[in-house]
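# Structural characterization, general
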Amino acid sequence: MSSSSTASSSPGRRRRPSPLAAAPPSSSPSHACINPAETARSQNLYLATPLVHSIPLSRLCHPHPVYLKLDLLQPSGSFKDRGMAHLVCTVRDIHRRDNDKHTDSDDDAVKNDVKFISSSGGNAGLALTTVCRSLQPPLPVSVIVPETTKAMVVSKLKTLGADVTVFGKHWNEADALARKMVQDGQTGEEASGGTAPYYVSPYDNPLLWTGHSTVVDEILDQLPKTSSSSASASARLRIGAILASVGGGGLLSGILEGLDRHRGRSDLVRGTKVVACETEGAASFAASTRSLNMKRLEGITSVATSLGALEVTPAVIRRAHRHQRRGRRDAENAGGNGDEDVLSYTCTDAEAVDACVRFAADHRMLVEPACGAALAPVYSERLRGRLLRELGEVQKSEKEEDEEDNDGDRGCRAIVVEVCGGSGVSAELLMEWKKQFLE
């Protein structure tokens, strides 16, 4: 959960508690709210990304059509722009409203703006910096990254204008420093000038989750209409499963929030299974769901360093259990199948890298192994068979798939993959991973 404190003030100067310390995390949006992050969207701080039908993956997952939500096209390169844009706009506006209340005050600390201090494995820091530097005037950012962060990501952060500190063997150690900087009232610079620091978790803040939830709003708007003669003219393809990578649980929390927001007014989301995708060596969500208690990993041993949180936010476990309970209740009441669920899938590093390589060949786009974890359930034969069984369909042979009409519109629910992206990838790195894990 985010925390904040006021910056250090000059001796004898009266300090006023930061308005950010009392900022409400995020109220639950009403069902009538189309876009709870409209302020950020209206300022083009994140994009409404395309939802595209994947012919290669639909052939593999026949009869289920597969759609790709291309959040790798966000300005920073990952889905995290959504949550960071909503958080930054909300916190900035609260801070400035408080400034307006005290325009006659001699308290300079109130009149100065906010500085965001974040810990990050790379992508969250890039998203935060991209958002803050896109505002007019731009807002200052400090990002603390662990030693495992790729040099290319550190270089990108500095180029964007972030104050970057490399500290700690893993993200949790970098995060501890970020929190200490805020608690000490520092901004990472010698002269704070009264700027109010605000701690930004890469995943554990309700404002982030609400921002991420907009991906569900867009998917429901973008799903194609069915062509079945029995369907109404306005009928859209229904969602069978949404596949998403899990690091600390921010994206998964947002997806569950979005589904919950639409559940009472859209049949498209009823019965949706959410597949939480991780790699072995970074599977903190799987560890907690298996034990039914919060579990903390001893370390991260996966190539997918962007998934490197030793434990997920407890909120994502609560939300997942709530989604599962509703599914079981609906199934009991209706006596049907296809009930809502949250499934935990763990792939090997090799399967994640293989998914990245094949995705690049099929769709000419590069993603990190952390994103490859969400693609693995459709590319890996082992995981794909499980997924199709979970959806209640028997996998067909490639020959049968070639002979079938694969337009994805035959009454089967869609599989949507959240292609979350990530900036820690290049053609050279992808080839190195391929040699390391696949050859």
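Since the structure is predicted, the reported quantities are computational estimates derived from the model, not experimental observations. (Residues numbered from 1 in each chain as written. Predicted model: local features only at pLDDT ≥ 70, side-chain atom pairs only at ≥ 80, totals over all residues. Heavy atoms only, no water.)

## Section: the environment of glycine 83
To be explicit about the condition: Helix numbers and strand numbers start at the N terminus; a helix is a DSSP run of H or I with at least 4 residues, a strand a run of E with at least 2. In this analysis, two residues are considered to be in contact whenever any of their non-hydrogen atoms come within 4.5 Å of each other.
Of note, glycine 83 is situated in helix 3 (residues 80-101). The contact partners of glycine 83, leaving out residues within four places of it in the chain, are Leu207, Leu208, Gly211 and His212.

## Some words on the sheet that holds strand 7 (residues 239-245)
Paired through backbone hydrogen bonds, the strands of a sheet run either parallel or antiparallel to each other. Heads up, the rule is: Between any two strands, pairing holds if DSSP finds at least two bridges. Axis definition: a line fitted to C-alpha atoms, over the contacting stretch in the case of helices. Angles run 0 to 180 degrees between N-to-C directions.
Read across the sheet, six strands follow the order 1-2-10-7-8-9 without closing on themselves; strand pairing throughout is mixed. Lying at the two open borders of the sheet, with one neighbouring strand each, are strand 1 (51-53) and strand 9 (341-347). Neighbour to neighbour, the strand axes of the sheet diverge by 25° on average, direction disregarded. As paired elements, strand 7 and strand 10 (residues 414-419) share four bridges and run parallel to each other.

## A few points about the packing of helix 14 (residues 369-379) against helix 15 (residues 381-390)
Stated formally: For classification purposes, angles smaller than 35 degrees are called roughly parallel, those larger than 145 roughly antiparallel, those between 65 and 115 roughly perpendicular, and all remaining angles oblique. Any residue outside Ala, Val, Leu, Ile, Met, Phe, Trp, Tyr, Cys, Pro, Asp, Glu, Lys and Arg is labelled polar, Gly included; the first ten of those are nonpolar and the last four are charged.
Contact geometry for helix 14 and helix 15: axes closest at 5 Å, N-to-C directions at 75°. Considering the angle they form, helix 14 stands roughly perpendicular to helix 15. Along its contact with helix 14, which presents Ala376, Pro377, Val378 and Tyr379, the element helix 15 presents Glu381, Leu383, Arg384 and Leu387. A per-class count over the contact of helix 14 with helix 15 returns six nonpolar, no polar and two charged.

## Description of the sheet that holds strand 6 (residues 196-200)
The strand order 5-4-3-6 describes an open sheet built from four strands, whose pairing is parallel. Every other strand in the sheet has two partners, leaving strand 5 (163-166) and strand 6 as the edge strands with one partner each. Here the strands of the sheet are splayed against their neighbours by 20° on average, with no regard to which way each runs. Pairing between strand 3 (residues 114-119) and strand 6: five bridges, direction parallel. Following the sheet pairing, lysine 115 is matched in strand 6 by proline 197.

## A few points about the pattern of salt bridges
How we decide: Here, a salt bridge means any Lys or Arg side-chain nitrogen found within 4 Å of an Asp or Glu carboxyl oxygen.
Summed over all chains, the structure comprises 15 salt bridges. The residue arginine 358 makes a salt bridge to aspartate 354 at a minimum N-O spacing of 3.6 Å. Of the two residues, arginine 358 and aspartate 354 are both situated in helix 13 (residues 349-363); the distance of four residues between them amounts to about one turn of the helix. Among the charged side chains, a network of salt bridges with common partners joins Lys69, Asp71, Arg82 and Glu218.

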